[in-house]
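Read off the chains here:
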Amino acid sequence: MTETYTGPTNVEDIEDDADSAAATLDRQAEEILAEDRSFGVRPLRQAIREDALHARDWGRTRTGRLRHAVEENPVRASLYALGIGVVIGLLAAR
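Criteria and thresholds
- Residues numbered from 1 in each chain as written.
- Predicted model: local features only at pLDDT ≥ 70, side-chain atom pairs only at ≥ 80, totals over all residues.
- Heavy atoms only, no water.
- Helix = DSSP H or I, 4+ residues; strand = E, 2+ residues; numbered from the N terminus.
- Buried < 20%, exposed > 50% of the residue type's maximum accessible area, 1.4 Å probe, protein only.
- Areas by Shrake-Rupley, 256 points an atom, 1.4 Å probe, with all protein chains shown as cover.
- Expected span 1.5 Å × (residues − 1).
- pLDDT = per-residue confidence, 0-100.
- Patch = residues over 30% accessible without salt bridge, like charges linked within 9 Å, V, L, I, M, F, W, Y side chains within 5 Å.
- Salt bridge = Lys/Arg side-chain N within 4 Å of Asp/Glu carboxyl O.
- Polar contact = N/O pair within 3.5 Å; in protein donor to acceptor, adjacent residues only side chain to side chain.

Enquirer: Even after reading the chapter, I still don't get the overall build of the protein chain, so can you show me in this structure?
Expert: If you tally the helices and strands in the protein chain, you get three helices and zero strands. When the helices and strands of the protein chain are read in sequence order from the N terminus, they spell out α-α-α. Counting over 94 residues, the protein chain shows a buried share of 1%. About 9300 Å² of surface is accessible on the protein chain, with carbon and sulfur atoms providing 58% of the total.

Enquirer: Is there a simple way to explain helix 3 (residues 74–93) in this structure?
Expert: Working note: α-helix, 3.6 residues per turn, so residues spaced by three or four point in the same direction. Helix length check: helix 3 (20 residues) gives 28 Å between terminal C-alpha atoms against 28 Å at 1.5 Å per residue, within 8%. Taken across its 20 residues, helix 3 has zero buried, putting it largely on the surface.

Enquirer: Whenever I open this one, the confidence of the model for the protein chain confuses me. Can you help?
Expert: Close reading of the predicted structure is inappropriate where its pLDDT is low. On average, residues of the protein chain score 81 in pLDDT, and 72% of them reach the 70 mark or higher. Here helix 1 (residues 21–35) stands out as the element of the protein chain with the lowest mean pLDDT, 79, in contrast to helix 3, whose mean of 95 is the highest.

Enquirer: When you look at a nonpolar patch on the surface in this model, what are you seeing that I'm missing?
Expert: Residues Val75, Leu79, Leu82, Val86 and Leu90 make up a contiguous nonpolar surface patch of about 520 Å² in total accessible area. In this fold, Leu90 is placed in helix 3.

Enquirer: I'm lost on the environment of Thr61 in this one. Help?
Expert: Locating Thr61 in the fold gives a position in helix 2 (residues 41–72). At 2.9 Å, the side chain of Thr61 forms a polar contact with the backbone oxygen of Asp57.

Quick look at the structure:
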């Protein structure tokens, strides 16, 4: 028994339900994009640049704190580094 398809045969004949949730979201998204054109390449690049500056500042702060801690207790820092190296070596040997 074969079933025959009796719906639209051409893509242009397909009617989307204008009241569906997807259609409503599409309309709302189009309205938001039409109102605010700040979604572009420049703001994204600017955001990435700002994040990179924050990461650089964070790294410099942490580096300064680490350098200060190592200068105050070089033996403790060396033992921590040795212990971490041994643990990593044991995990890598598996």
